[in-house]
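What follows is each chain in one-letter form.
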Amino acid sequence: MTLLRIGDHPTLTSPVLVAAFDSWIDAGAASTTAANLLAEDSTVVATFDTDQVFDYRARRPTLEIKDGRPSALSWPELVVRHARFGKRDVLVLAGPEPDFRWRELAIDAVTLARELGIAEWISLGSIPAAVPHTRPVPVLGTESKPGLLHGDVRPGPAGLLRVPSAAISVLDMAIAEAGVPAVGYFAQVPHYVNGTYPPAALALANVVASHLGVELPVAALVGEAQAIRTRLDTATTLDESTREYIQRLETMVDEERLPAGDELISEIERFLRDRGTGGTGEGRVH
């Protein structure tokens, strides 16, 4: 039984789908923020059966109580939205990461791609890394075949990296196996940052805009990125050991030393432990 329902939608011309889930690869909420930016002024064209894919004890609906009377429930949603930028059709799949039935979701993602004629799939993510907030946000890429990544984004890291999979990667691989070109853009977020990190969201938005050849309304993100940079700079000046650590990270970046796989594994496992999302501790790089 399908989890997907495709509704009314306009005629689409070679649409590109951008996907991001609120998951462990959404450090600093960067990927979902960038995806939701694309989805502004959009319309829903497809929905997934959330009763079948969410654990409501982990993602509880929000209850509104007015004057002592329960009045409304807001349920978590998993939907595909359509937006148009000039003559460019963009579909956005963004929301909480599903808890259940990932394989069926992957099958339905392929059905969605075929039914709507999706020409390309773009996954977004953000991962914790040993990078300083004082340098531009690094973005790593993945691609289902060479030559799909745009701009100066390189595939990486080099070697074989084993990490706990996110749902977005299960869909990404199913889409690629079905013959749809698929890429992923993953911003690296300083591991010492807690909460949202607008600079990484801005970096992803700019990468997607470049990939699609469109302009996005990023002015608000620019302001938020500048504000958090100021706060982090202020905090750094108050502690000598922190200053020295940031300087070491800056040296690594300035020498163009890309993060090794074992460094990424270390930061990812720490991030998963902090979030309590069940890292396996089995990550290895070869």
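Because the structure is a prediction, the values reported are computed rather than measured.

Conventions used here
Residues numbered from 1 in each chain as written. Predicted model: local features only at pLDDT ≥ 70, side-chain atom pairs only at ≥ 80, totals over all residues. Heavy atoms only, no water. Helix = DSSP H or I, 4+ residues; strand = E, 2+ residues; numbered from the N terminus. Buried < 20%, exposed > 50% of the residue type's maximum accessible area, 1.4 Å probe, protein only. Contact = heavy atoms within 4.5 Å. Areas by Shrake-Rupley, 256 points an atom, 1.4 Å probe, with all protein chains shown as cover. Core = buried A, V, L, I, M, F, W, Y, C linked by side-chain atoms within 4.5 Å. Patch = residues over 30% accessible without salt bridge, like charges linked within 9 Å, V, L, I, M, F, W, Y side chains within 5 Å. Salt bridge = Lys/Arg side-chain N within 4 Å of Asp/Glu carboxyl O. Pairing = 2+ DSSP bridges. Axes fitted to C-alpha atoms, helices over the stretch in contact; angles between N-to-C directions. Expected span 1.5 Å × (residues − 1).

Trainee: I'm lost on the overall build of the chain in this one. Help?
Mentor: Helix and strand counts for the chain stand at eight helices and 13 strands. Counting every position in the chain, which comprises 286 residues, the buried fraction comes to 47%. Counting only contacts in the chain whose residues sit at least 6 apart along the sequence, the fraction spanning at least 24 positions is 80%. A total accessible area of about 14800 Å² is found for the chain, and carbon and sulfur atoms account for 50% of it.

Trainee: Explanation requested: the nonpolar core in the structure shown.
Mentor: It is characteristic of soluble globular proteins that their nonpolar side chains tend to be buried jointly. Counting residues in hydrophobic clusters, the biggest one holds 44 residues, and the most contacted among them are Leu38, Ile122, Leu124, Tyr185, Leu212 and Leu216. When contributions to this core are tallied by element, the ones reaching two or more residues are strand E2 (16–22), helix H1 (30–38), strand E6 (79–85), strand E7 (88–96), strand E8 (120–129), strand E12 (182–190), helix H5 (198–212) and helix H6 (219–237). When neighbours within four sequence positions are excluded, leucine 124 is seen to be in contact with Val18, Ala19, Ala20, Ser31, Ala34, Ala35, Tyr185 and Val208. Grouped together as the second largest cluster of nonpolar side chains are 36 residues, Ala167, Leu171, Ala174 and Ile175 included.

Trainee: Would you explain unusual backbone geometry in this entry?
Mentor: Note on backbone geometry: most residues besides glycine have negative phi, and most peptide bonds are trans. Backbone geometry at serine 14 places phi at a positive 40°, although glycine is not the residue there. Structurally, the position occupied by serine 14 is in the loop between strand E1 (4–6) and E2. You will see that aspartate 67, though not glycine, has its phi angle at about 55°, which is positive. Its place among the elements puts aspartate 67 in the loop between strand E4 (62–66) and strand E5 (69–74). For aspartate 67, a relative accessible area of 76% corresponds to the exposed category.

Trainee: Looking at this model, I keep getting lost on a nonpolar patch on the surface. Mind explaining?
Mentor: A grouping of Leu63, Ile65, Leu73 and Trp75 is seen on the molecular surface, where their side chains present a nonpolar patch of about 420 Å² in accessible area. By the element assignment, leucine 63 lies in strand E4.

Trainee: Would you take a moment to explain the sheet that holds strand E9 (residues 139–143) for this structure?
Mentor: What links the strands of a sheet is backbone hydrogen bonding, and the strands pair in either a parallel or an antiparallel sense. The sheet built from nine strands is open, its strands ordered E1-E3-E6-E7-E2-E8-E12-E9-E10 with mixed pairing. For this open sheet the edge positions go to E1 and strand E10 (154–155), each flanked by a neighbour on one side alone. Inspection of the sheet shows E2 paired to E8 by four bridges, in the parallel sense. Bridge pairing in E8 links valine 16 to glutamate 120. Helix H3 (residues 102–116) rests against E1, E2, strand E3 (43–48), E6, E7 and E8 of the sheet, and its axis sits at about 15° to E1.

Trainee: Even after reading the chapter, I still don't get H5, so can you show me in this structure?
Mentor: Because each turn of an α-helix spans 3.6 residues, side chains separated by three or four positions end up pointing in the same direction. Spanning 15 residues, H5 covers 21 Å between terminal C-alpha atoms, matching the ideal 21 Å at 1.5 Å per step. Among the 15 residues in H5, 13 count as buried, and that is most of the element. Positioned one or two residues after H5, glycine 213 has a phi angle of 70°, which is positive.

Trainee: Would you mind showing me how to read the pairing of E6 here?
Mentor: Burial runs high along E6: five of the seven residues are buried. Sheet topology note: the E3/E6 ladder contains four bridges and is antiparallel. When the sheet's bridge partners are listed, threonine 47 is paired in E6 with valine 79.

Trainee: Even after reading the chapter, I still don't get the pattern of salt bridges, so can you show me in this structure?
Mentor: Charged atoms that come close allow side chains of opposite charge to pair. For the structure on display, the rule yields six salt bridges. Between aspartate 89 and arginine 84 there is a salt bridge, and its shortest N-O distance comes to 2.8 Å. What makes aspartate 89 buried here is its relative accessible area of 1%. Residues arginine 229 and aspartate 233 are paired through a salt bridge, measuring 2.8 Å at the closest nitrogen-oxygen approach. One end of the pair, arginine 229, and the other, aspartate 233, are both in helix H6, four residues apart, so they sit about a helical turn from each other. On the basis of relative accessible area, arginine 229 is assigned to the partly exposed category, the value being 34%.

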